[in-house]
Amino acid sequence: MADINTIGAQFTEFYYKTFDAGRNQLGALYRPTSMLSFEGAQTLGDAAIVEKLTGLPLDGLVHKISTQDVQPLDGGLLITVTGQLLAGGETNAQFFTQTFHLKPDGGSYYVQNDIFRLVYGL
């Protein structure tokens, strides 16, 4: 089995590259039981999560990752990411934190829980 930090780094790179290029492609990472909390609003299920993410007014978005921490959790992984968002060519970045609970699925992982928050006042 691969090192959890390697898996976490691979997942994080894939997730944010896919998010920035085409959020509609993220559906394969979620399942009908997956839960997204985005700025406190909860969304349940893969289709509803993709609908929520694609409906966000975030054209030209670029994620810049600052930190990433990975821990094992019940046979899966807990990943916490901090970073900055740059939207639509803006020069003032918005800070964010995001936590993923990945659960094993065959030889891969899916996102069971996804919690996203903007960080204000920095």
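Residues numbered from 1 in each chain as written. Predicted model: local features only at pLDDT ≥ 70, side-chain atom pairs only at ≥ 80, totals over all residues. Heavy atoms only, no water.

Visitor: Any details on the overall build of the protein chain? Residues and values, ideally.
Guide: Check the secondary structure of the protein chain and you find two helices and six strands. Taken from N to C terminus, the helices and strands of the protein chain fall in the order α-β-β-α-β-β-β-β. Relative to its length of 122 residues, the protein chain is compact, with a C-alpha radius of gyration of 14 Å against a globular reference of 14 Å. With the principal axes as the frame, the protein chain shows a C-alpha extent of 40 × 30 × 25 Å. (Helix = DSSP H or I, 4+ residues; strand = E, 2+ residues; numbered from the N terminus. Rg over C-alpha atoms; globule rule 2.2 N^0.38 Å.)

Visitor: Describe the packing of aromatic side chains, and please don't skip the residues or the numbers.
Guide: Throughout the structure, instances matching the rule amount to nine aromatic pairs. Their ring planes at 55 degrees and their centres at 5.9 Å tell us that Tyr16 and Phe96 sit as a pair that is tilted. Linking Tyr16 in helix α1 (residues 4–22) with Phe96 in strand β5 (residues 94–105), this pair joins segments that are 80 residues apart in sequence. Take Tyr16 and Phe96: they sit in the same class, and that class is buried. Taken together, the aromatic side chains of Phe11, Tyr15, Tyr16, Phe19, Phe38, Phe96, Phe100 and Phe116 make up a single cluster linked through ring pairs. (Phe/Tyr/Trp six-rings, centres within 6.5 Å; stacked < 30°, edge-to-face > 60°. Buried < 20%, exposed > 50% of the residue type's maximum accessible area, 1.4 Å probe, protein only.)

Nothing here speaks to function; it is geometry throughout.
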